Amino acid sequence: MTLADGRELLDLTGGFGVAALGHRNPRILDAWAEQEVVHALGDLADAEVTVRLREALPRPAKLGVTGEDAVEIALRTALLATGRPGIVAFEGAYHGTGLLALAATGFERFREPFAPWLPGPVHRRAYGEDPGPLPQDVGCAIVEPVQGRAGSRVPPDSFLEVLRRRCDEAGALLVVDSIYCGLGRVGEMWPGEEVADVLCVGKALGGGLPLSAALFYREGLEDAWQLGPEDVYTHTHSGSPLACAAGLVVLEEAPKLLGRVRKAGERFEQAGWRGRGLLRAREGDAQDALERGVLVVPAGLDGSLIQATPPFTITAAELDEALEKLG
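Predicted, not measured: the structure shown is a model, and the values here were computed from it.

Observations concerning the overall build of the protein
In terms of regular secondary structure, the protein is built from 11 helices and 13 strands. Against the 2.2 N^0.38 benchmark of 20 Å for 327 residues, the protein shows a C-alpha radius of gyration of 19 Å, consistent with a compact globule. Only carbon and sulfur atoms are counted for the fraction: they give 51% of the accessible area of the protein, which is about 14300 Å². Here the protein carries 32 positive and 47 negative side-chain charges, and the mean point of each set is 3 Å from the other.

Here's the deal with the packing of helix H3 (residues 48-56) against helix H8 (residues 241-253)
Relative to each other, H3 and H8 sit at 35°, their axes nearing to 8 Å. Handedness of the H3/H8 crossing: left-handed. Here H3 contributes Val49, Thr50, Arg52, Leu53 and Ala56 to the contact with H8, which in turn contributes Pro241, Cys244, Ala245, Gly247, Leu248 and Leu251. When grouped by side-chain class, the residues that make up the contact of H3 with H8 number eight nonpolar, two polar and one charged.

Some thoughts on empty space enclosed by the protein
Across all of its chains, the model carries one cavity of 30 Å³ or more by this definition. In this structure, the largest cavity encloses a volume near 30 Å³. Looking at the largest cavity, the residues that line it are Phe16, Gly17, Ile179, Tyr180, Gly182, Arg185, Gly202, Lys203 and Ala204. Here the lining of the largest cavity is composed, by residue class, of four nonpolar, three polar and two charged.

A look at the environment of Arg267
With respect to the element layout, Arg267 can be found in helix H9 (residues 258-270). Residue Arg267 is classed as partly exposed on the basis of its relative accessible area, which comes to 29%. As a C-alpha pair, Arg267 and Gly277 span 10 residues in sequence and 9.6 Å in three-dimensional space. Not counting residues within four places of it along the chain, the set of residues in contact with Arg267 comprises Leu319, Asp320 and Leu323. Looking at Arg267, its side chain comes within polar contact range of the side chain of Asp320, at 2.8 Å.

Looking at the packing of aromatic side chains
Counting across every chain of the model gives eight aromatic pairs. Summarising the aromatic geometry, the rings of Tyr94 and Phe107 are spaced 6.1 Å apart at their centres and angled 90° between planes, so their arrangement reads as edge-to-face. Of this pair, Tyr94 sits in the loop between strand E3 (86-90) and helix H5 (99-104) while Phe107 sits in the loop between H5 and helix H6 (108-111); the two residues are 13 residues apart in sequence, bridging distant segments of the chain. Residue Phe107 is classed as buried on the basis of its relative accessible area of 1%. Consider the rings of Phe268 and Trp273, whose centres lie 5.3 Å apart with planes at 70°: the pair is edge-to-face. Clustering of aromatic rings is evident, with ring pairs tying together Phe90, Tyr127 and Phe159.

What to know about the layout of surface pockets
Space left empty within the atom packing is revealed by a probe, the size of a water molecule, rolled over the atoms. Approximately 530 Å³ is the volume found for the largest pocket. Put simply, the parts of the chain that give the lining of the largest pocket at least two residues each are helix H4 (67-82) and strand E12 (297-299). Its residues assigned to classes, the lining of the largest pocket shows 11 nonpolar, seven polar and five charged. Counting residues per element, the lining of the second largest pocket draws most heavily on strand E2 (residues 61-64), at three residues.

Quick notes on H8
Here H8 spans 18 Å end to end across 13 residues, near enough to the 18 Å set by a 1.5 Å rise per residue. Of all the 13 residues making up H8, 11 are buried; the element is thus mostly covered by neighbouring parts of the structure. The set of residues buried in H8 consists of Pro241, Ala243, Cys244, Ala245, Ala246, Gly247, Leu248, Val249, Val250, Leu251 and Glu253. Against helix H2 (26-33), H3 and E2 lie the buried residues of H8.

Section: the confidence of the model for the protein
Taken as a whole, the protein shows an average pLDDT of 95; of its residues, 98% reach a score of 70 or greater. Mean pLDDT in the protein bottoms out at strand E1 (residues 10-11), which sits at 94, and peaks at strand E6 (residues 173-177), which reaches 99.

As for a nonpolar patch on the surface
A contiguous nonpolar surface patch, about 260 Å² in accessible area, is contributed by Leu80, Leu227 and Val232. Structurally, the position occupied by Leu80 is in helix H4. By relative accessible area, Leu80 is classed as partly exposed at 38%.

Side note on the nonpolar core
Ranked by internal contacts, the top residues of the largest apolar core, which has 67 residues, are Leu12, Val143 and Trp190. Leave out the neighbours within four places in its chain, and Leu12 touches Phe268, Val294, Leu295, Val296, Gln307, Ala308, Thr309, Pro310, Ile314, Ala322 and Leu326. One finds Val71, Ala104, Val198 and Ala214 within the second-largest nonpolar core, a separate group that totals 23 residues.

Conventions used here
Residues numbered from 1 in each chain as written. Predicted model: local features only at pLDDT ≥ 70, side-chain atom pairs only at ≥ 80, totals over all residues. Heavy atoms only, no water. Helix = DSSP H or I, 4+ residues; strand = E, 2+ residues; numbered from the N terminus. Rg over C-alpha atoms; globule rule 2.2 N^0.38 Å. Areas by Shrake-Rupley, 256 points an atom, 1.4 Å probe, with all protein chains shown as cover. Lys, Arg positive; Asp, Glu negative; His and termini not counted. Charge placed at Lys NZ, Arg CZ, Asp CG, Glu CD. Axes fitted to C-alpha atoms, helices over the stretch in contact; angles between N-to-C directions. Left-handed = near helix turned anticlockwise from the far one by under 90°. Contact = heavy atoms within 4.5 Å. Nonpolar A, V, L, I, M, F, W, Y, C, P; charged D, E, K, R; others polar. 1 Å grid on protein atoms, 1.4 Å probe; cavity = no way out; pocket = protein on both sides within 12 Å on 5 of 7 lines; lining within 4 Å. Points joined across faces, edges and corners; volume = space filled by probe spheres on them. Buried < 20%, exposed > 50% of the residue type's maximum accessible area, 1.4 Å probe, protein only. Polar contact = N/O pair within 3.5 Å; in protein donor to acceptor, adjacent residues only side chain to side chain. Phe/Tyr/Trp six-rings, centres within 6.5 Å; stacked < 30°, edge-to-face > 60°. Expected span 1.5 Å × (residues − 1). pLDDT = per-residue confidence, 0-100. Patch = residues over 30% accessible without salt bridge, like charges linked within 9 Å, V, L, I, M, F, W, Y side chains within 5 Å. Salt bridge = Lys/Arg side-chain N within 4 Å of Asp/Glu carboxyl O. Core = buried A, V, L, I, M, F, W, Y, C linked by side-chain atoms within 4.5 Å.

Rendered as structure tokens:
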């Protein structure tokens, strides 16, 4: 990456994890160029390529534009399916900045200015720990398999299974937010799918364009949205043909790169970066990294971390150079 002043940077961000297949991936560029219809049709109709994307996803899905949309869809699905508005969410969670997603987000500095408007109730629990029996008003729990913005926090291996059991005991849905860590970022395509009722994906899905999906793993959940002749949650750009065309490339190419992601993740591990796969963080300052010629993401609840979410295609030489520059 070259800046306007002529300086070259090593990009360890991949656009917050969006460019999983690298910058200007030729297959994605070709897929965009092939589309005869380039605008979305919202809930009016699906373009042919949008239909193909739906068929390529592992479960029935409701499409969104941003990752936050996928979270919004999942949380609303829980309300429709259970009739209960309560949400269990976790400290350090980041689910988006729209009001419903923000209510579940664990970053107080984001929530505080809008506190009077935030929906709920939200019952916050410690990430990685047994939340105990869920309150009676809870319709769902929402969790990241690896917390992204909080600093690539990996919970104990048993955590998701315990949470699944607590949801079953309460008759609540389990929403798994794999927007940051999914589609290969932590070395597997659909992290959390073994426990999820609804699995949220986004970021890398559109190959650089906005696209997300809430995947319905519990049979029949999509039927909760049959509320009349019109879709009561949609956007003008839902199902964008350009984004869906890129999404088909991502779904085909990302599984081929999982071994590469795990191997590069081991190199980060050896250098003292915590996390999993290519969702990594360590103490540091993003501005200092920039001055050293490396682009990273500020992270952590107090902003004291730097995060690396590079393309899966990063070479060993590029990674070694970036880690050497960062010291």
